[in-house]
Amino acid sequence: MTAATVPPSGSTDAPTDPRRALGAALRAWAAGGSAGIGVVRVLDRHGFGTVESGQLVASTAAGESAGVLYLGALDDTALPLAAASTTGPRTGDAHVSEAAGIAAGLACAGGATLLGHPLPAALATALGDALDGGVPAALLSPADGSSVLVLTGPALEQVHGSLGSAEADDAACETVRARLRRGATTTERFDAAGTDVLLDLWVPVPTVVVVGAGAIGEALLAQAALLGWGGRTVADLDDARAAVAGFSDADVVVLLDHSPRFDAILVDGVRGGRGFIGALGSRRTQSARRGRLLAKGLTEAEIDSIHGPVGLDLGARTPAETAVSIVAQVVAVRSGRAATALSASESRIGG
């Protein structure tokens, strides 16, 4: 058995999220009347270095599989567990040696406790539609896998299944929707009205809209591509406003052009209430822009929500270094982190 993967797209405008292939498989299996669908998720882990959140393997009872966990390093445990979990929840422990981990592309050795549980057809369809369609989705279950809740939709407003009680469902929905506002895919455990809940939340890949031309914009798009984000440059005001109007919480606009006519993009972004709104410029430029935005009716608090001068204080001097500082701030904001040094933080390393 081999977990299905999707080759990366070469376009920065529409990068392919591998989870879309997983979504298509879930939907097809459910529509085809599969005898059962099992999924395997990471319940706990240690080691491996930094790994991507929201990883999932799914399988039918016949052994068809899709998805990937930790670059395939856990397949020997995960894939049989997924097939076995079509009939009921179970757990398994996976251990990866240093050599095997590095060979797979991980940073180091590690171990994981994996949770496998059934995914009913109706919930597989809902989750599959969301993943394949590139809209936010969340998969939740108690840590023992005894029940399943799926949330889908731009605001995770569509609810499918249950954790077993209305109290747990309400608490979990509130927590997950708050996580969505961060704009980042995550895997975590939390308490929902006394229920130990495992959450996998998937947020669509961000698109970075650079307004204005120049070396910094080019470097920023290169950084976005490195992260697998979409990105494009726009120079026309109407095009830029249209892009911001269609933003999700995960999307990013960085205004490079200092012309006052582009202030309209910042006003649209703040009033739209979605995405990361950043503006380049010296402190003198920022001060002049603040005055114009106040004159347009934005409040001090609304203006403070704009990241300007955009980027973290890394001492950046070159366009490439400036792009790193901007992307680093976007990642920190989406993750709800203060962007301090790891040595000065007690937050979990690796997400």
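Residues numbered from 1 in each chain as written. Predicted model: local features only at pLDDT ≥ 70, side-chain atom pairs only at ≥ 80, totals over all residues. Heavy atoms only, no water.

Colleague: I would appreciate a short explanation of unusual backbone geometry in the present structure.
Modeller: When glycine is set aside, most residues are seen to have a negative phi, and most peptide bonds are trans. For the bond running from Gly308 to Pro309, omega is -5°, close enough to zero to count as cis. Along the chain, the position of Pro309 falls in the loop between α10 (300-304) and α11 (319-335). A positive phi angle, close to 60°, is found at Leu71, a residue other than glycine. Despite not being glycine, Leu156 shows a phi value in the positive range, around 55°. For Leu156, the position within the fold is in the loop between β7 (148-152) and β8 (158-162). (Helix = DSSP H or I, 4+ residues; strand = E, 2+ residues; numbered from the N terminus.)

Colleague: It is not clear to me how the pairing of strand β10 (residues 195-202) should be interpreted in this structure. Could you clarify?
Modeller: In summary, the side chains of a regular strand alternate between the two faces of the sheet. Of all 8 residues in β10, 7 are buried, a share of seventy percent or more. As judged from the 6 bridges shared by strand β6 (residues 137-142) and β10, these two strands associate in the antiparallel manner. Each residue of the ladder has a partner; that of Leu139, found in β10, is Asp200. (Buried < 20%, exposed > 50% of the residue type's maximum accessible area, 1.4 Å probe, protein only. Pairing = 2+ DSSP bridges.)

Colleague: Is there a simple way to explain the packing of aromatic side chains in this structure?
Modeller: How two aromatic rings sit relative to each other is set out by the distance from centre to centre and by the angle between their planes. With the rule as written, the count across this model stands at 1 aromatic pair. Ring centres 4.9 Å apart and planes at 70° place the aromatic pair Phe48 and Tyr70 in the edge-to-face group. Separated by 22 residues along the polypeptide, Phe48 in the loop between β1 (37-47) and β2 (56-60) and Tyr70 in the loop between β3 (65-68) and α2 (75-84) bring together distant segments of the chain. Neither residue differs from the other here; Phe48 and Tyr70 are each classed as buried. (Phe/Tyr/Trp six-rings, centres within 6.5 Å; stacked < 30°, edge-to-face > 60°.)

Colleague: I would appreciate a short explanation of the packing of helix α8 (residues 263-272) against helix α9 (residues 283-295) in the present structure.
Modeller: Packed helices, taken two at a time, are described by their axes: the angle between them and the distance between them. Where α8 meets α9, the axes come as close as 11 Å, and the angle between the chain directions of the two elements is 60°. α8 and α9 meet at a crossing whose hand is right-handed. Residues Asp263, Leu266 and Val267 of α8 pack against Arg289, Arg292 and Leu293 of α9. Per-class residue counts for the contact of α8 with α9 are 3 nonpolar, no polar and 3 charged. (Axes fitted to C-alpha atoms, helices over the stretch in contact; angles between N-to-C directions. Left-handed = near helix turned anticlockwise from the far one by under 90°. Contact = heavy atoms within 4.5 Å. Nonpolar A, V, L, I, M, F, W, Y, C, P; charged D, E, K, R; others polar.)

Colleague: Is there a simple way to explain the sheet that holds strand β4 (residues 90-96) in this structure?
Modeller: The strands making up a sheet are joined through hydrogen bonds of the backbone, oriented either antiparallel or parallel. Spatial strand order, β3-β2-β1-β5-β4: 5 strands in an open sheet with antiparallel pairing. Either end of the sheet is taken by a strand with one partner, and the two such strands are β3 and β4. Ignoring strand direction, the axes of neighbouring strands in this sheet form an average angle of 20°. Both β4 and strand β5 (residues 110-118) contribute to a ladder of 7 bridges, which runs antiparallel. Pairing of Arg90 across the sheet is with Gly116, part of β5. Along the sheet, helix α1 (residues 19-31) makes contact with β1, β2 and β3, crossing β2 at roughly 25°.

Colleague: How should the pattern of salt bridges be read in this particular structure?
Modeller: Between side chains of opposite charge, a pair can form when the charged atoms approach closely. With the rule as written, the count across this model stands at 9 salt bridges. Put simply, Asp200 and Arg41 hold a salt bridge, and the shortest N to O gap is 2.7 Å. Here Arg41 lies in strand β1 and Asp200 lies in strand β10, a separation of 159 residues in the sequence. Take Asp200: its relative accessible area is 0%, and that puts it in the buried class. We classify Arg41 as buried; its relative accessible area is 0%. Linking Glu188 and Arg179 is a salt bridge whose minimum nitrogen-to-oxygen distance equals 2.9 Å. For Glu188, a relative accessible area of 18% corresponds to the buried category. (Salt bridge = Lys/Arg side-chain N within 4 Å of Asp/Glu carboxyl O.)

Colleague: Would you take a moment to explain the sheet that holds β10 for this structure?
Modeller: The 5 strands are arranged β8-β7-β6-β10-β9 in an open sheet whose pairing can be described as antiparallel. What marks the edges here is a single partner per strand, and that holds for β8 and β9 (186-192). Adjacent strand axes in the sheet meet at a mean angle of 15°, parallel and antiparallel pairs treated alike. Where helix α4 (residues 121-133) meets the sheet, its contacts fall on β6, β7, β8 and β10, and the angle it forms with β7 comes to roughly 30°.

Colleague: Would you mind showing me how to read the environment of His46 here?
Modeller: Of note, His46 is situated in strand β1. C-alpha of His46 to C-alpha of Gly110: the two residues are 64 residues apart in sequence and 5.6 Å apart in space. Not counting the four nearest positions on each side in its chain, His46 is found in contact with Gly110 and Gly111.

Colleague: Is there a simple way to think about the side chain of Thr322 in this case?
Modeller: The topology assignment puts Thr322 in helix α11. With residues up to four places along the chain from it excluded, the contact list for Thr322 reads Ile216, Leu280 and Ala316.

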